[in-house]
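Structural features, examined
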Number of protein chains: 2
Amino acid sequence: MLPRDYGVAAGGKCRDENSVTETTIEMTSLMCAHVSSAVKIRVTTRVHIPSMSSSTSSSLTAAQMTAEDQVQQIELLTSTDDDHGGVVVEMDEPKDSATFVSILRASIAHWKQLRKKGIWIKLPIHLVSLVEAVVKEGFWYHHAEPKYLMLVYWIPDTANTIPANATHRVGVGALVVNEKREVLVVQEKSGHFQGTGAWKFPTGVVDQGEDICVAAVREVKEETGVDSEFVEALAFRQSHMSFFEKSDLFFVCLLRPLSSDIQIQEIEIEAAQWMPFDEYATQPFMEKYELLKHINDILLAKFDGQYSGFSAVSTTSNFSEKTSYLYLNAGSLESINKGLNN
Amino acid sequence: MLPRDYGVAAGGKCRDENSVTETTIEMTSLMCAHVSSAVKIRVTTRVHIPSMSSSTSSSLTAAQMTAEDQVQQIELLTSTDDDHGGVVVEMDEPKDSATFVSILRASIAHWKQLRKKGIWIKLPIHLVSLVEAVVKEGFWYHHAEPKYLMLVYWIPDTANTIPANATHRVGVGALVVNEKREVLVVQEKSGHFQGTGAWKFPTGVVDQGEDICVAAVREVKEETGVDSEFVEALAFRQSHMSFFEKSDLFFVCLLRPLSSDIQIQEIEIEAAQWMPFDEYATQPFMEKYELLKHINDILLAKFDGQYSGFSAVSTTSNFSEKTSYLYLNAGSLESINKGLNN
């Protein structure tokens, strides 16, 4: 006989061993749903259900029981409610496939009963042996990072509203221009311009979670050793199918130098120097690149005081209480200017 | 005795059954590398190697052989060279795990001999049973879409230069303002503002491969039935950890209406209307949202002719010959203006 060991981790209710009824279990589920939607907590739900007779379905669920059956313990996956009526499961402990499949099926049935929508399962790469089992239960891939795979399943019959995966990489180009109208340029050891003699402005890819205005300053520091501060985004370009099926957003940023000594990053950079703008802009290879010519036109207009890009203004989001940068043409906005000058 | 059936699919060389030597195999590999780096073609390489004696390693590679051993056929994975010294394998045919592991190991050894760098394996979801085998050979996850998982492996001892995964979702907000200074607004059936009585401008997420200026027009058409054209990007905001660990770039776009009749999208939209700007901007809920207040300031400045956002200019990339949009403040750029007015 299986041990009678049960309880509900969230709230401590349903601890009366002698009151196992269908009503009790239904209340348990509802209380757990209520608690987990109010605050994000982990709910490990161990639900008492009567054991099934041999003639019934082999998939045990929290809703199936008859009063005369023995009590049996069914483990469900630990999950957290998300903001959209779904749940997120973050696996970590190894499990053998067969056990996992039973638990997964019981959990899906339980979530269906709770009318959950999207079911997310995050499998770290050390649990790769469970991927096949999850896919075979109807999950599909949502996204992956080096160390985990996120799978998702949509319960309702209606069209799914699963949010899209990330579609863009974000790159930055850094135009560091000093008071002598010299541009900080580099020659790279790899990439398209390697070995061509072309001098280009530093470029790079924004790291996960990094702001554009921060990334531009970082790239300059890493590649040339020069300290700088972000002034504005002069322009941006969107391109598609740049790697696999993803897209790129490339932000051309104007930076003001805070130092002048150059110390190149030996791994990536062949050489770096401060080059007079006229010499930079008239390099023969520039003729072939529309983007570079437009950037040169922008810089000329900037020198004449005729061009305003987008400055970075720090804002707080009401949805998340996190700070975000809003990029806009602050030149003509009195309210923004007051804020920037404080 | 295994059948002597071999050849090289690319170029048809090495078809002389009697000239199996280490030199021959080395030439085969080099020729294949040369051909596949010049053009992207599929190379199925079947390489003759002598069978191993029982005392040697069980992993057969194209480089291991002794003159007196029997000849045996080793199948390698079909691959295509990428532009960075690596190879891409797009699996499609089912294989049993054990066979696949042998082929994979032989292929890795072969690519090591060719001094390849990144090895990419794209596994469609119907081949989920092979994921574990690939990870156990040292691959990690690069990215995933609903129907496939991309895994990657770095051969050299040097730091890997595997390109980063996509990090951002891109959203658009569409401010459609007519000549009467009325703003096209909607009430949604779901989301943050649902049921609050708030009227907001249409928003949405850019589809994979879709341009920002196109997405804004599409969202307006879908949600309200109104035709419009993109004028400029007024501002953009970057926020992090918005869903899982990814980031968002949200572009606030100004659109000019080309029609006025409203036909709402019943599934998502409760109601839509043209609302005088003053009434829109003074809705009580606006006070709590910095972004919305900034946008209102921008619109006021725009009405006064004091604000320039970023217009969309079509450019051709020299790297890809594809057309991309460059967004910049075209108002002050004579060269750009000439282009826009043609």
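Residues numbered from 1 in each chain as written. Chains lettered and ligands numbered in written order. Predicted model: local features only at pLDDT ≥ 70, side-chain atom pairs only at ≥ 80, totals over all residues. Heavy atoms only, no water.

Observations regarding the overall build of chain A
What chain A contains, in helices and strands, is seven helices and 16 strands. The 342 residues of chain A split such that 50% are buried. Once local pairs closer than 6 in sequence are excluded, the contacts in chain A between residues at least 24 apart make up 60%. For chain A, the accessible surface area stands at approximately 16,400 Å², while carbon and sulfur atoms represent 49% of it. (Helix = DSSP H or I, 4+ residues; strand = E, 2+ residues; numbered from the N terminus. Buried < 20%, exposed > 50% of the residue type's maximum accessible area, 1.4 Å probe, protein only. Contact = heavy atoms within 4.5 Å. Areas by Shrake-Rupley, 256 points an atom, 1.4 Å probe, with all protein chains shown as cover.)

A short note on the sheet that holds strand 5 (residues 87–90) of chain A
Residue and element names in this part refer to chain A. In space, the five strands of this open sheet follow the order 4-5-6-8-7, with mixed pairing throughout. Across the chains shown, the open sheet's two edge strands, defined by having one partner strand only, are strand 4 (80–81) and strand 7 (140–145). In this sheet, strand 8 (residues 148–154) lies alongside strand 6 (residues 118–124) in antiparallel orientation, the contact comprising seven bridges. Within the sheet, the bridge partner assigned to Lys 122 lies in strand 8 and is Met 150. (Pairing = 2+ DSSP bridges.)

A closer look at the pairing of strand 9 (residues 168–176) of chain A
Residue and element names in this part refer to chain A. Most of strand 9 sits out of view: nine of its nine residues are buried. Burial along strand 9 is two-sided: His 168, Val 170, Val 172, Ala 174 and Val 176 facing one way and Arg 169, Gly 171, Gly 173 and Leu 175 facing the other are all buried. With nine bridges connecting them, strand 9 and strand 13 (residues 246–257) associate as parallel partners. Each bridged residue has a counterpart across the sheet, and for Leu 175 the counterpart in strand 13 is Leu 254. Summarising the sheet, strand 9 and strand 11 (residues 203–205) pair through three bridges and their orientation is antiparallel. By the bridge assignment for strand 11, Val 172 is matched with Gly 204.

Let's talk about the UniProt feature "domain: Nudix hydrolase" (unreviewed entry) in chain A
Look at the UniProt record and you will see "domain: Nudix hydrolase" (unreviewed entry) annotated at residues 167–299 of chain A. Helix makes up 21% of residues 167–299 of chain A and strand 41%, with an end-to-end C-alpha separation of 30 Å. (UniProt positions renumbered as here; feature names shortened; annotations may be inferred.)

A word on the sheet that holds strand 8 (residues 148–154) of chain B
Residues and elements named next belong to chain B. Judged by pairing direction, the sheet is mixed, and its five strands sit side by side in the order 4-5-6-8-7 without closing on themselves. The open sheet has two free edges, formed respectively by strand 4 (80–81) and strand 7 (140–145), since each of these has just one partner strand. Sheet topology places strand 4 next to strand 5 (residues 87–90); two bridges connect them, and they run antiparallel. Looking at the pairing, Thr 80 lines up with Val 88 of strand 5.

Considering the relation of the copies chain A and chain B
Each copy superposes on the other: chain A lies on chain B with an RMSD of 0.1 Å after a rotation of 180° and an axial shift of 0.0 Å. The transformation relating the two chain copies, once decomposed into turn and shift, fits a two-fold axis. Both copies share a contact surface, since 99% of the interface residues of chain A are interface residues in chain B too. (Least-squares fit on C-alpha atoms with pLDDT ≥ 70 in both.)

Considerations on the nonpolar core
Counting residues in each nonpolar core, the largest one holds 108 residues, and the members touching the most others are Ile 212, Phe 236 and Phe 251 of chain A together with Ile 212, Phe 236 and Phe 251 of chain B. Residues contacting Ile 212 of chain A, with those up to four places away along its chain left out, are Val 170, Val 172, Val 206, Phe 251, Cys 253 and Tyr 327 of chain A together with Phe 236, Gln 238 and Leu 249 of chain B. Counting 54 residues, the second-largest nonpolar core is a separate cluster that includes Leu 104 and Leu 127 of chain A together with Trp 111 and Phe 139 of chain B. (Core = buried A, V, L, I, M, F, W, Y, C linked by side-chain atoms within 4.5 Å.)

Looking at the packing of aromatic side chains
The tally for this structure, following the rule as stated, stands at 26 aromatic pairs over all chains. Measuring from centroid to centroid gives 6.1 Å for Phe 285 of chain A and Tyr 289 of chain A, while their planes differ by 65°, and the two rings are edge-to-face. Each member of the pair, Phe 285 of chain A as well as Tyr 289 of chain A, is classed as buried. For the ring pair Phe 193 of chain B and Phe 285 of chain B, a centre distance of 5.3 Å and an interplane angle of 65° mean the geometry is edge-to-face. Here Phe 193 of chain B, found in the loop between strand 10 (182–188) and strand 11 (203–205), pairs with Phe 285 of chain B, found in the loop between helix 5 (277–281) and helix 6 (290–303); they are 92 residues apart in sequence, far enough to count as distant. With a relative accessible area of 14%, Phe 285 of chain B lands in the buried category. Joined through ring pairs, the aromatic side chains of Phe 230, Phe 236, Phe 251, Phe 310, Tyr 325 and Tyr 327 of chain A together with Phe 230, Phe 236, Phe 251, Phe 310, Tyr 325 and Tyr 327 of chain B make up one cluster. Its guanidinium or amino end placed over the ring of Tyr 148 of chain A, Lys 122 of chain A lies 4.3 Å from that ring's centre, counting from NZ or CZ. (Phe/Tyr/Trp six-rings, centres within 6.5 Å; stacked < 30°, edge-to-face > 60°. Lys NZ or Arg CZ within 6 Å of the ring centre and 35° of its normal.)

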